[in-house]
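Topology and contacts: notes
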Amino acid sequence: MAQWIHMSQMIQCLPDETLNNLYPPTAFPIEVRHFLAEWIESQRWDDFVLENVEHQSKAQTLLDQTISMLQSIAQQNANVVDRMKLMNISRNMAMFQQQPLRFGVLVREILTKERVLLTTRTQVPNPTQYQQYPNRESSFPNMQDVDHLVLKVLEVQDIRQKMHQLQEELNWERQNYEELQGPIQQNGLDPTKSEIQKLQNHIQQLEYNVKAMATKRFQLLKECVDCLDQCQTRLISRLKVWRWEQHKAAIGQPFDDNLNPLQTWCEQLLGVNGKLRQELMLIGEPIPELQERLGQLLQVLIQSSLVVDKQPPQVIKTQSKFSTTVRYLLGEKVAPGKPVVLKAQIINELQARSLGSVPGDNVGELINNTAILEHNTASKSTCATFRNMSIKKIKRADRKGSESVTEEKFAILFSTEITITGCDTPYRIQMISLPVVVIVHGSQDNNALATIIWDCAFSEPDRVPFMVPERVPWGMMYKTLNSKFTAEVQTHHNLDHYNQHFLAQKIFDKPDFADDFSNMMVSWAQFNKEVLPGRPFTFWQWFEGVMELTKKHLKTYWSEGLIFGFIGKQHLHLILKDRPNGTFLLRFSDSEIGGITIAYVSATENGGQKIQNIQPFTKRDLEIRSLGDRIRDINHITYLYPDFPKHEVFKRFYSEPQASPVGGYIPVSLHTKVGTEAGSASPPAPSMTPVSESPRSTGGFSGDPKFPHEQAPATAARRNSSLTGINLEPGSRHQFPQPFSPQESINQDIMEEEFRPNPSVGFTEHISTDNNMDLDLDTILQTLDQ
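Residues numbered from 1 in each chain as written. Predicted model: local features only at pLDDT ≥ 70, side-chain atom pairs only at ≥ 80, totals over all residues. Heavy atoms only, no water.

**Structural notes on the overall build of the protein**
For clarity, the cut-off: Under the DSSP-based scheme used, a helix requires at least four consecutive residues in state H or I and a strand at least two consecutive residues in state E, with every element numbered from the N terminus. Two residues form a contact once any of their heavy atoms are found within 4.5 Å. Here the Shrake-Rupley method, with its probe set to 1.4 Å, supplies the accessible areas, and only the displayed protein chains count as covering residues.
Counting secondary structure elements, the protein contains 24 helices and 22 strands. When contacts within the protein are restricted to residue pairs at least 6 apart in sequence, long-range pairs at least 24 apart make up 73% of them. Of the accessible surface of the protein, which amounts to about 40000 Å², a share of 50% is contributed by carbon and sulfur atoms.

**A look at the confidence of the model for the protein**
Heads up, the condition is: Each residue carries a pLDDT score, the predictor's confidence in it, ranging from 0 to 100.
Taken residue by residue, the protein gives an average pLDDT of 80. The fraction at 70 or more is 80%. Across residues 122-141, confidence stays below pLDDT 50; counting only partners more than four residues off in sequence or on other chains, it has 49 contacts. Note on residues 681-765: pLDDT is under 50 here. Beyond four places in sequence and across chains, it has 210 contacts.

**Here we look at the side chain of Arg 625**
Rules: To sort residues, take the accessible area from a 1.4 Å probe on protein chains only and compare it with the maximum for the residue type: under 20% means buried, over 50% means exposed, and anything in between is partly exposed. What qualifies as a polar contact is a pair of N or O atoms within 3.5 Å, subject to a donor-acceptor requirement within protein and to the restriction that residues adjacent in sequence count only when both atoms come from side chains.
By the element assignment, Arg 625 lies in the loop between α20 (619-624) and α21 (627-633). With a relative accessible area of 12%, Arg 625 lands in the buried category. One polar contact links Arg 625 to Asp 633, side chain to side chain, over a distance of 2.6 Å. If near-sequence neighbours (up to four positions away) are discounted, Arg 625 is found in contact with Arg 630, Arg 632, Asp 633, Leu 670, His 671 and Thr 672.

**Observations concerning the pairing of strand β8 (residues 381-394)**
Our working rule: The pairing criterion is simple: DSSP has to find at least two bridges between the two strands.
Two strands pair when backbone bridges link them, and strand β3 (residues 321-328) and β8 are joined in this way by six bridges, in the antiparallel orientation. When the bridges of β8 are listed, Lys 321 appears paired with Ser 390. Bridge count for strand β5 (residues 364-367) against β8 is four bridges, and the pairing is antiparallel. Among the inter-strand pairings, Gly 364 is bridged to a residue of β8, identified as Ile 394.

**Looking at the packing of aromatic side chains**
Definition in use: Only the six-membered ring of Trp is used, alongside the rings of Phe and Tyr, when aromatic pairs are assigned; centres must lie within 6.5 Å, and planes under 30 degrees apart are stacked while those over 60 apart are edge-to-face, with the rest tilted. Only lysine NZ and arginine CZ atoms are considered, and such an atom sits over a ring when it is within 6 Å of the ring centre and within 35 degrees of the ring normal.
Counted under the stated rule, the structure contains 31 aromatic pairs. Centroid distance Trp 45 to Phe 103: 5.9 Å. Interplanar angle 75 degrees. Geometry classified as edge-to-face. Placement of Trp 45 in the loop between α4 (37-42) and α5 (56-76) and of Phe 103 in helix α7 (residues 100-119) is noted, with a sequence separation of 58 residues between them. Each member of the pair, Trp 45 together with Phe 103, is buried. Between Lys 506 and the ring centre of Trp 542, over which it is positioned, the NZ or CZ distance is 4.6 Å. Of note, Arg 652 hangs over the ring of Phe 653, and the distance from its end group to the ring centre comes to 4.9 Å.

**Regarding the nonpolar core**
Just so we agree on the cut-off: The term nonpolar core refers to a set of buried residues drawn from Ala, Val, Leu, Ile, Met, Phe, Trp, Tyr and Cys, joined through side-chain atoms within 4.5 Å.
If you look at the biggest cluster of nonpolar residues, it comprises 73 residues, and the most contacted ones within it are Leu 149, Leu 276, Ile 302, Tyr 328, Leu 342 and Ile 418. In terms of residue count, helix α10 (residues 193-248) provides more of this core than any other element does, 15 residues in total. Phe 517, Trp 524, Phe 527 and Phe 653 belong to the second largest nonpolar core, which has 64 residues in total.

**Some thoughts on α5**
Put simply, the test is: Helix span, expected: 1.5 Å multiplied by one less than the number of residues in the helix.
The terminal C-alpha atoms of α5, which comprises 21 residues, lie 30 Å apart, in line with the 30 Å expected from a rise of 1.5 Å per residue. Elements in contact with the buried residues of α5: α3 (30-35), α4, α6 (80-92) and α7.

**Overview of the packing of helix α14 (residues 445-458) against helix α18 (residues 539-559)**
Here is the rule we go by: Only the stretch in contact is used when fitting a helix axis, every axis being a line fitted to C-alpha atoms; angles between N-to-C directions are given from 0 to 180 degrees. An angle below 35 degrees is treated as roughly parallel, one above 145 as roughly antiparallel, one from 65 to 115 as roughly perpendicular, and anything else as oblique. Lys, Arg, Asp and Glu make up the charged group, whereas Ala, Val, Leu, Ile, Met, Phe, Trp, Tyr, Cys and Pro make up the nonpolar group; the residues left over, Gly among them, are polar.
With their axes 10 Å apart at the nearest point, α14 and α18 run at an angle of 100 degrees to one another. As far as their axial angle goes, α18 and α14 are roughly perpendicular. Contacts between α14 and α18 pair Asn 446, Asn 447, Leu 449, Ala 450 and Ile 453 from the former with Trp 540, Gln 541 and Glu 544 from the latter. Looking at the contact of α14 with α18, its residues break down into four nonpolar, three polar and one charged.

**Re the sheet that holds strand β9 (residues 410-418)**
A sheet is described by the order of its strands in space; here four strands give the open sequence β6-β4-β9-β10, paired in antiparallel fashion. Every interior strand has two partners, whereas the edge strands, β6 (370-372) and β10 (427-432), have only one. Strand-to-strand, the axes of this sheet are offset by a mean angle of 25 degrees, without reference to chain direction. Relative to β9, strand β4 (residues 341-348) runs antiparallel, the two being bridged by six bridges. Along β9, the bridge assignment pairs Ile 346 with Ile 412.

**Focus: the environment of Arg 108**
Here Arg 108 lies in helix α7. Apart from residues no more than four positions distant in its own chain, Arg 108 is found in contact with Trp 45, Asp 46, Phe 48 and Val 49.

**Focus on unusual backbone geometry**
The omega angle of the peptide bond from Pro 465 to Phe 466 is -15 degrees, so this bond is cis rather than trans. Secondary-structure assignment places Phe 466 in the loop between α14 and β12 (471-473). Between Tyr 641 and Pro 642 the backbone carries a cis peptide bond, its omega angle lying at 5 degrees. For Gln 490, which is not glycine, the phi dihedral falls at a positive 60 degrees.

**Quick notes on α7**
In a regular helix each residue adds 1.5 Å, so 20 residues correspond to 28 Å; α7 covers 29 Å between its end C-alpha atoms and thus fits that length. Turning to α7, its buried residues are Pro 100, Leu 101, Phe 103, Gly 104, Val 105, Leu 106, Val 107, Ile 110, Leu 111, Glu 114, Leu 117 and Leu 118.

**Let's talk about the state of the cysteines**
What counts, and what does not: The disulfide criterion is simple: two cysteine sulfur atoms within 2.5 Å.
This structure, assessed with the given rule, holds zero disulfides. Free of any disulfide, Cys 231 has its nearest neighbouring cysteine sulfur in Cys 227, separated by 4.2 Å.

**Description of the side chain of Ser 390**
Relative to the helices and strands, Ser 390 is located in strand β8. What makes Ser 390 buried here is its relative accessible area of 8%. At a separation of 3.4 Å, a polar atom in the side chain of Ser 390 contacts the main-chain carbonyl oxygen of Ser 320. Residues contacting Ser 390, with those up to four places away along its chain left out, are Gln 319, Ser 320, Phe 322, Glu 365, Leu 366 and Ile 367.

**What about a nonpolar patch on the surface?**
Which entries qualify depends on this criterion: Patch rule: a residue counts if its relative accessible area is over 30% and it has no salt bridge; like charges are joined within 9 Å, and nonpolar side chains (Val, Leu, Ile, Met, Phe, Trp, Tyr) within 5 Å. Between Lys or Arg on one side and Asp or Glu on the other, a salt bridge is scored when a side-chain nitrogen of the former is within 4 Å of a carboxyl oxygen of the latter.
On the surface, a cluster of nonpolar side chains totalling about 240 Å² of accessible area is made up of Val 150, Leu 151 and Leu 154. One can find Val 150 in helix α8 (residues 143-181).

**As for the pairing of β3**
Burial analysis of β3 places six of its eight residues in the buried class, which makes it a mostly covered element. Across four bridges, strand β1 (residues 306-310) lies against β3 in antiparallel orientation. In the sheet register, Val 308 faces β3, and the bridge partner there is Val 326.

**Re the pattern of salt bridges**
Throughout the structure, instances matching the rule amount to 29 salt bridges. With a shortest N-O distance of 3.4 Å, Lys 310 and Asp 257 are connected by a salt bridge. Pair noted here: Lys 310 is in strand β1 and Asp 257 is in the loop between α10 and α11 (260-283), with a separation of 53 residues, a long-range link. The shortest N-O distance in the salt bridge between Lys 529 and Glu 407 comes to 2.5 Å. On the criterion of sequence distance, the pair formed by Lys 529 in the loop between α17 (524-528) and α18 and Glu 407 in the loop between β8 and β9 is long-range, its members being 122 residues apart. Each of Lys 484, Glu 488, Glu 548, Lys 551 and Lys 552 takes part in salt bridges that share partners, so that together they form one network.

Have a look at this one:
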């Protein structure tokens, strides 16, 4: 188990590729290592070698135990997602049943690689150099520690009560001793010396016991304060982690916003602090050291319990309403009487760095910037909600060089004065929001969002507000883009290796670079300051446009793997060059913000082949007619790469035929026309060879092997009174064995070779689609005559 404890800390800063090599997802996922860590490290794996067949039965036993334990853990897991995942892993591990020795050798190699990594851990880059996430478990306040602290406090209270009883007994015996001394003078009776001696001895023993218990009491009090300090430090670290995870949620990272457990711990530690301060007062003699420490701990706890539960939007337009909620975790302990009013004010970056002092100049004017702290008995939470706050005006700082107003970061500071029950002194508490960018026009929203994304993704946990690195490794940038894309689109279908490579080629302007980009440094300027070569927009503006288009119009297509997505023109050539005519794929436009295009193989006049790209469909185009209907309209395309018949794949996306209009009107429909089709009223009959017969073109190839720049979209549809829809079965859906991935169909060796365009394959300019909306007047007149 010790080895995995160290490894679990190290994996925070290991790249995904290393983790996948160390824990193969299809053979021995990292979940197996995590859930069975103690058992795995207690077994003997070093004996397993493929040549030692005598150990096959032992390997079989260990494999069976592994599968059985995984199933048992899965059944006990309350989380449905984890339970299903573990059950699936246990089923997949049955692949070793035929060769259990392979399983034993694999585990042996994994443990060996872990030891090698741990011995060379000093060579691993510091994860905080470019932020990674704090170790949540290490900072998690352990309830057992809090329970242990509570028991220690009870022990102190018990000793105090026993000391009180002993002191009472001692006082009584001293009185008896004095009475025994008195009668000698009054009546001359002389008590036996043995009685007096016995009483003296008893008094001395009681005095010794009281002193011993006082010493133990002091020692226990010191231990309690030490333990309280440790628990509170871990609790505050956990609060920082909560805020950190809240910050990361802006780029799609998972975030559990439940503050109830943290509130419980805050209240428990406040109660313990109060009891310990009471015990110190009951001692009678002041202990300045412990009293001062408890006072400092109390102040830190009270001031750290203010949390921005619901952050304000991180891009705020002036004169626009927004809301935010602040929660106080010690709300039930607030002294009754005077209401607690929180005030909000906007501060700049310089003021955020000196929160200990009173903010200087007012950098902005907030409207509706006060709220009362109110307790909700149902949820047991105490919150102040600012429902209609607005920034009336903002004062900008002097900008340096080419710095834009959308790069300037502010924050909202919440503050109040609060009194806790049992404390005489009121405390000044405050908390700032996550950084916000203030804009005055909607056109600035995209660039402001880029500033927030960079800040959320690459800031370090305990940074000086609001410092961020100017450059970060591409590997971190890609993870951010993937996380933001999947969160924004609300999909589990991630960007793949080919998408990643094309995005890197684009941001670095290296279309011919075939090596790994992971460790190359990408700058803020490359992300959203400098326009892409030959384009009027930045990388982020282009990527955000694709993300927005996918979220609003292509979510299901993307989630089911029907969109290839980000792909370079060289890769596109390699993929489609040997496919039958009519094979197509969907790719995001390289030159258009928020566009998706169809690339397909078609025949040339001399019997060869060429790859053509239809002008991109934008958000406006897809609002007029869906992508599925447009794919149905275009007869030149028949099979989705590699060989899925388009009507089977996209049938569920086709619109139902419109019912006949009432009132004798002639039905009108939209139809997408491509190229020369746009000049005719009806689409030409396609001449496509079925893929099932595996044809290959035998004619010559001609043309310039270079993709043209994509032109501005002019996609629309021709109205055709005679067009009828395709009848679909309700709820019909094409099922794939798994989400479509380009890795299944691209030879890795080919993809890693330096690209050399095939001179025999021609690429045409984008085929435009007809932008006219015409009516067939002859048909209308004939109908009217009838």
